[in-house]
Amino acid sequence: MLEAKKIVKNFGALRAVNEVSATVSDGEVLCIIGPSGSGKSTFLRCMNHLEVPDGGTIVIDGEEVSEKNLTGVREKMAMVFQSFNLFSNMTVLGNITASPIHVKKMPKAEAEKKGMELLKLVGLEEKAHVKPRSLSGGQKQRVAIARALAMDPEIILFDEPTSALDPEMVGEVLDVMKKLAESGMTMVVVTHEMGFAKEVADDIIFMDAGTIVEEGSAEEIFGNPKTERLKQFLDKVLV
Amino acid sequence: MGVYLKGVEVALRGLPTTLYVSLFAVAGGVVIGLLLAVMKLGKSKPAKIVSDVYIEVMRATPMLAQALIMAYGLPMILQSNGVDFKWPSLVIPAIIVCAFNSAAYVAEILRSGIQAVDPGQIEAAYSLGMSKGMVNKLVVWPQALRICIPALGNELVTMIKETSVLGFVGVVEVIRSAQLWNAQSFETFPAYVGAAIVYLIVCFPLSKLVGLLEKKMDEDGTNDVKNDRKLFAKAEKSDK
Ligand SMILES: Nc1ncnc2c1ncn2[C@@H]1O[C@H](COP(=O)(O)OP(=O)(O)OP(=O)(O)O)[C@@H](O)[C@H]1O
Ligand SMILES: [Mg+2]
């Protein structure tokens, strides 16, 4: 279980995240939606301290995240980025096995066997030995998901995983994410894909100007928005 | 014609010395330069100052002065303080000075290489639980070194030409060979043209090779990061 308690993050004079709290239970999918610049990414990045919060705490499995337990905590909390961020000096399989081998101290053969299984899961086992540069955007993102899974994380954070993709590749990535959600993976997903949120999310947070404006199930958020701001936002994105 | 061939041949005798001094210098320069670059980019303020001062001093003084200090000044001051010190061979201070000199330039090359590594990949590495040491070893340094290869090649070409000042310190490299032959034959023009030709036949192909490397790296390696960034920028825009 992941709890974010009253997270605050400032960039200079700008308060990007203002006392935002959220709880994600095991096996649950939390989606974060909201307009550009509302603080979604910043809040997500506070969860694994890629941005160190200026206030509030992140608690995972009852353990408060701090500088001291950071690397351990990050092993449990993998992240998938909008711009893929695959290591360009390693092969696809190398990307997936780097952390299991070096962080988890898993024997290389075992890590590679597991890496191949994960590549099969995302439908890319034939790409194991190429460099990421030869992959399409959708393929890169599927490798990034396999890389995240290789750490056996308890939770995966996704920051707009499909918004850098050409439209015809969005589906293949969302399919993998749906499979993960069905298999019981705990996920926090910042997304502009309202269809995905509707279908997969157990809980949805709507953020605007650094705060949570509304929170609820998919039916509540999409079927019965209470605030004017959410209504306006949905009108704009659900054309 | 024969006298020019002779000039080239004499200069060639100094070439092995020129080459190994240059190679050792750049290799040593990479090791010291890496240390300086890490100091410059690190958190410690004093380390940063030491590195900055070192780099500025080395770059703002001629290598000839540095070489004279190392080869003659240092033994002198040690002897006058009662230490019996003499370089067993002048090639040793020559390599040391060239390495220390090269380090200042290499440090700047490596610093910009390290800074050119995609910050997104560094974040991804941290997000996978890697320590700072692992991130550097697995992601930053391999990519930075690759990015730096052409510039380091250029540094080697520069160093090969720069070592010509070592002739004035007494190291028998290309220029000194030419000088010595000139002193006994008085064939001044062929002697120095011969030396120039020797530098040309080494440095010209080397710079061409560096150019090719640069082109090849533009075509593959570093570019996919740039492409991803373009994609990313496009997505950002279409969001708004
Ligand atoms: N590193 C940073 N330095 C300064 N300001 C930042 C930084 N990161 C984000 N911001 C600012 O904080 C605010 C929230 O940004 P954030 O990226 O969290 O928004 P977002 O909801 O993820 O938007 P988008 O949908 O465009 O990704 C924005 O005003 C942004 O400009
Ligand atoms: Mg964002």
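Here is a short report on the structure shown in this document. Predicted model, so just to flag it, every value in this text is computed and none were measured.

### Topic: the packing of helix α5 (residues 137-149) of chain A against helix α6 (residues 167-182) of chain A
All names here are of chain A.
Line of reasoning, step 1. α6 packs onto α5 with a crossing angle of 20° between their chain directions and a minimal axis gap of 8 Å. The orientation of α5 with respect to α6, classified from their angle, is roughly parallel. Crossing hand, α5 versus α6: right-handed. For the pair α5 and α6, contact is made by G137, G138, Q139, Q141, R142, I145 and L149 and by M169, E172, V173, V176, M177 and L180, respectively.
Line of reasoning, step 2. Class assignment for the residues of the contact of α5 with α6 results in seven nonpolar, four polar and two charged.

### With respect to the environment of G123(A)
All names here are of chain A.
Line of reasoning, step 1. Along the chain, G123 turns up in the loop between α4 (108-121) and α5.
Line of reasoning, step 2. Using a relative accessible area of 36% as the deciding quantity, one classes G123 as partly exposed.
Line of reasoning, step 3. G123 sits 112 residues away from D235 along the chain, and the two C-alpha atoms are 36 Å apart.

### Comments concerning the packing of aromatic side chains
Line of reasoning, step 1. For the structure on display, the rule yields four aromatic pairs over all chains.
Line of reasoning, step 2. Look at F206(A) and F233(A): their rings are 5.2 Å apart centre to centre, the planes differ by 40°, and that puts the pair in the tilted class. In this pair, F206(A) sits in strand β9 (residues 203-208) while F233(A) sits in helix α9 (residues 228-237), placing the two residues 27 residues apart along the sequence. Neither residue differs from the other here; F206(A) and F233(A) are each classed as buried.
Line of reasoning, step 3. Between Y4(B) and F189(B) the ring centres are 6.2 Å apart and the planes differ by 85°, which places this aromatic pair in the edge-to-face class. With Y4(B) in helix α1 (residues 2-41) and F189(B) in helix α8 (residues 188-219), the pair connects residues that are 185 residues apart, well separated along the chain.
Line of reasoning, step 4. Classification of Y4(B) by relative accessible area gives partly exposed; the value is 33%.
Line of reasoning, step 5. Accessibility expressed as a relative area gives 56% for F189(B), which makes it exposed.
Line of reasoning, step 6. Lying over the aromatic face of F87(A), R147(A) brings its terminal NZ or CZ to 4.5 Å of the ring centre.

### Thoughts on α4(A)
Residue and element names in this part refer to chain A.
Line of reasoning, step 1. Over its 14 residues, α4 runs 20 Å from end to end, which matches the ideal 20 Å to within 8%, given 1.5 Å per residue.
Line of reasoning, step 2. A111, K114, G115, L118 and L119 are the residues of α4 that are buried. Each buried residue of α4 lies within a common arc of 145° when the element is viewed along its axis, so the set occupies one face. Exposed positions of α4 whose direction lies more than 90 degrees from the buried face are A109, K113 and K120.
Line of reasoning, step 3. Among the structural elements, α3 (92-102) and α5 are those in contact with the buried residues of α4.
Line of reasoning, step 4. Phi turns positive one or two residues past the end of α4, at G123, with a value near 75°.

Rules and cut-offs
- Residues numbered from 1 in each chain as written.
- Chains lettered and ligands numbered in written order.
- Predicted model: local features only at pLDDT ≥ 70, side-chain atom pairs only at ≥ 80, totals over all residues.
- Heavy atoms only, no water.
- Axes fitted to C-alpha atoms, helices over the stretch in contact; angles between N-to-C directions.
- Helix = DSSP H or I, 4+ residues; strand = E, 2+ residues; numbered from the N terminus.
- Parallel < 35°, antiparallel > 145°, perpendicular 65-115°, else oblique.
- Left-handed = near helix turned anticlockwise from the far one by under 90°.
- Contact = heavy atoms within 4.5 Å.
- Nonpolar A, V, L, I, M, F, W, Y, C, P; charged D, E, K, R; others polar.
- Buried < 20%, exposed > 50% of the residue type's maximum accessible area, 1.4 Å probe, protein only.
- Phe/Tyr/Trp six-rings, centres within 6.5 Å; stacked < 30°, edge-to-face > 60°.
- Lys NZ or Arg CZ within 6 Å of the ring centre and 35° of its normal.
- Expected span 1.5 Å × (residues − 1).
- Arc of directions from axis to C-beta.

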